[in-house]
Amino acid sequence: MRDAEPHPVRLSDYRPPDWLVDTVDLDISLHPTASRVISRLALRRNPEGQPDAPVALDGDGLTLVRLAIAGVPVAGGAFEATPDSLTISVPPADRFVLEVETLVDPTANTQLMGLYRTSGNYCTQCEPEGFRRITYFPDRSDVLAVYTTRIEADREEAPVLLGNGNLVKSGPIEGTSRHYAVWHDPWPKPSYLFALVGGRLAKVPGHFVTASGRPVELGIYVEIGKQDRAGYAMDALKRSMRWDEQAFGREYDLDVFNIVAVSDFNMGAMENKGLNVFNDKYVLATPETATDADYANIEAIIAHEYFHNWTGNRITCRDWFQLCLKEGLTVFRDQEFSSDQRSRPVKRIADVRLLKAQQFTEDAGPLAHPVRPEMYREINNFYTATVYEKGAEVVRMLKTLLGEDGFRSGMDLYFKRHDGHAATIEDFLACFADATGHDLSHFALWYSQSGTPRLEATGTYDGEAGTFRLDVFQSTPPTPGQTDKKPVVIPLALGLVGPNGHDMPLVLEDGRKVDHGVVEITKHRQSFVFTGLGARPVASLNRGFSAPINLSNNLSAADLVFLAAHDSDPFNRFDAIQALALDLLKRGAAEGALPVPDDLIDAALRVLDDPALDPAFKAQALALPGESEVAREIGTNVDPDAVFAARKALRRAFAEALADGFARTYEAMATSGPYSPGAAAAGRRALRNLSLDYLTLPGTPEAIARAQGQFRAADNMTDRFAALAILAQHDVPERRAALDAFYRRFESDPLVTDKWLSLQAQIPEAATLDRVRDLTLLPVFSMSNPNRVRALIGAFATGNPTQFHRLDGQGYDFLADVVLSLDSKNPQVASRLLSAFKTWRQLEPRRAALAERSLRKVADAAGLSDDVADIAMRSLA
Ligand code: TRP
Ligand code: ZN
């Protein structure tokens, strides 16, 4: 809680810690409302710190019970304690053991940071600044210590007691109803990686032997009765462990690895050393309750958290400005893992869609910030698409520039040089520079300059000279606090596609061949002349989306149709269709009527009928750009109703022109036999359900009956939910019937009712806002559970553009009210919801004024959390 503006923390103010902690001995006695925490810190003055600095420990809402030095209670005048800090101005020596006892109330902890309860179990979340809500500590990521944790609890209430590292001993406490467990983690770690769990949980066991022969006992802990839902997560974990050995040479380093699934969690999951804690949405799956998308997310997030063991834990961040050092790199690693496990091109397409939808939008609005920010008021607000997704793109570009071997040697050096340390982006880049001899000083700008670079490319063919000239011009639009932008290093993968559909050789004027099809752009303007071309090529630029840029070029619609049919780069085949569609949608939104999209229909038909293409690829290529992507492309004066209408018209045109194709595909893509979550079967379902969507669009009784038939007959959640989502787009009696049937069937399963809530929040019709309000009153909804809030309110604000942006401003008012009432309970979730306003400046004036009014209402409210105050302030700046 705050009374004034939260004060800024700056990267340039970084100072090494004054005191280090060698070991931490914790003794934590769990109790629902008064958990006792005794912490013994072996403190040592840091020779690199300020001389004579006091011991200053962080706290957050703590109750101090007792303070002792070397076993002797410290006199009242010798220290100063508030709920938020503990200071010893005159420490007794340069090394001493401080004993601190605090009391915390896990039941009252609704923020879900620190020690809290979920479904009656105890768990912790410490990243980034939650450990200080458990005990006083130098709660910063560059203080690495070896932790030993004794956990004690009632045997009935918490038969399972888990901590970081390896289990040392455990047993009953004789003569009482309590028991204990001692865990020791030999790897020095920052406090944000601390975790403990206590509760009534069932263990799903597993076993893994590392490449060098270390046996590891695996455990996934779930609520009792849900054991049959953890099989896929366990399988994904084993595959992740093997993959990190093979792809990066990284082995696991403890005797046990545990995962706990909890139902109240602010984010996706957390990589605590040896004890990952997960939002149960990313662990639990059965074919009847989880969709293909859920399975893919589980695989990716299990991998992500496991990969943090090296990128994040063994090598951690010096400070929170370096967050992308672990997050961007680990997202890159999980993307590569999923690409290897599934289809690389389809994974790339999905990742780029997400990047554009979330990160490009962020970069184009008031919340834009560099991959490595230089200032924050609330670090919780920087777990963003920019840090995660753009951070991953920067690592990917590094690999593109250095090549497979250069990248691997840089990573090897990074693991060798910084193991056991808290590192910076400079440290990371220096490893690649040293390992390959590449100068990366210009490349480093990707970390400090915000905004999405634009690249305007113009290709000119000279038939007489047999040359193709590519002129490029790069610029980056201004972003908050950064008006002057410099050119960045853009690795532009490209090909010149000849009339026969094959790539032509890439030979520059000086006779040099272009390495691996990648040219490096470093200046505002550059030209490349390719020679020896006997026919006019079509330029395929930014293949595989080699750089996270907004590219425009002078390709004609016919060129795009040609690329969609022939490009050897699957990403650009996909992108050619999307570019054609975007152009039509932009024009449709501006002019109110849609030109007949012959070129696009042609291109789509060819993709649909190409037997050589992966169904999953077809499903991506034929799914039109979303409303938010179109809005972002339009950029200013956006009218969400016009965007919706244009998209609807184009969908109609597709449905009509490709009706036979979709009907054939719907039949051909039927799967038989038991459900498999694998990429091949999932791809067939995706294409089949996309076809069903288009086939249902006319809304005829037969079409509705087909969707209803699939809804009823489905033997898996993917097909059942796809049919329900399709029916939900049509205002017919069958919709209500299906929604009700679905609810009755899954009423007792929160993860499934979340889908049901989201679906209804996203219906693009005027009645939706009232429906959302009504749904908040149902017993399956709760404002205290982040998954429920995101499923209903989050889906409304970010997944229903026409209704959130209602012309009467009621969508904005509703969100502002929810944010204000949630803020006192869970500021992190509240501030995430509020960032749905991040595109408000792109709106046409009436809506922009209404959105601004709602944002101001939030900003002006008394007693806001730092989290919400920061987002409100920056959104309005
Ligand atoms: N580090 C986590 C990850 O893997 C995310 C995270 C950061 C988090 N802060 C959190 C998770 C708070 C839960 C709660 O990306
Ligand atoms: Zn992460």
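Since this is a predicted model, take the numbers as computed values, not measurements.

Our focus in this paragraph is the sheet that holds strand β25 (residues 454-462). Pairing in this open sheet of four strands is mixed, and the strands run β30-β26-β25-β32 from one edge to the other. Edge positions in the sheet fall to β30 (525-530) and β32 (550-553), since each has one partner strand and no second. Here the average twist between neighbouring strands, direction ignored, is 20°. In this sheet, β30 lies alongside strand β26 (residues 467-475) in antiparallel orientation, the contact comprising six bridges. By the bridge assignment, Phe473 is partnered in β30 with Arg525.

Let us look at the site of ligand 1. Looking at ligand 1, there are 14 residues lining it, with Glu127, Glu271, Glu305, Glu327 and Tyr388 nearest. With respect to ligand 1, the side chain of His308 contributes an N or O atom lying 3.4 Å from an oxygen atom. Burial of ligand 1 by the protein chains amounts to 97% of its free accessible area of 360 Å². Tallied by class, residues from the shell around ligand 1 come to six nonpolar, three polar and five charged. Two domains each put at least three residues into the shell around ligand 1: domain 2 (200-309) and domain 3 (316-448).

Moving on: the sheet that holds strand β16 (residues 196-199). Here we have four strands laid out as an open sheet, ordered β10-β11-β16-β13, and antiparallel in their pairing. Two strands in the sheet have a free side with no partner beyond their single neighbour: β10 (114-118) and β13 (160-163). The sheet shows a mean angle of 15° between the axes of neighbouring strands, direction not considered. Pairing of β13 with β16, which is carried by four bridges, proceeds in the antiparallel orientation. The residue bridging Gly163 from the neighbouring strand is Leu196, located in β16.

What follows concerns the domain arrangement of the chain. What the domain assignment lists for the chain is domain 1 (1-48 + 55-198), domain 2 (200-309), domain 3 (316-448), domain 4 (454-547) and domain 5 (570-876). The C-alpha centroid of domain 5 is placed 29 Å from the C-alpha centroid of domain 2. Listed per partner, the contact involves 19 residues of domain 2 and 23 residues of domain 5. Area buried by domain 2 at its contact with domain 5 is led by Asn266, Pro287 and Asp292, which between them contribute 35% of it. The tally of links between domain 2 and domain 5 comes to three salt bridges. Ionic pairing is found between Lys755 and Asp294, a salt bridge with its closest N-O pair at 2.4 Å. Tallying contributions element by element places helix α2 (residues 292-307) first for the side of domain 2 that touches domain 5, with three residues. In terms of residue class, the side of domain 2 that touches domain 5 is made up of seven nonpolar, five polar and seven charged.

Thresholds applied
Residues numbered from 1 in each chain as written. Chains lettered and ligands numbered in written order. Predicted model: local features only at pLDDT ≥ 70, side-chain atom pairs only at ≥ 80, totals over all residues. Heavy atoms only, no water. Pairing = 2+ DSSP bridges. Helix = DSSP H or I, 4+ residues; strand = E, 2+ residues; numbered from the N terminus. Axes fitted to C-alpha atoms, helices over the stretch in contact; angles between N-to-C directions. Near = heavy atom within 4 Å. Polar contact = N/O pair within 3.5 Å; in protein donor to acceptor, adjacent residues only side chain to side chain. Areas by Shrake-Rupley, 256 points an atom, 1.4 Å probe, with all protein chains shown as cover. Nonpolar A, V, L, I, M, F, W, Y, C, P; charged D, E, K, R; others polar. Domains from an automatic or database assignment. Contact = heavy atoms within 4.5 Å. Buried area = accessible area lost by both parts, 1.4 Å probe. Salt bridge = Lys/Arg side-chain N within 4 Å of Asp/Glu carboxyl O.

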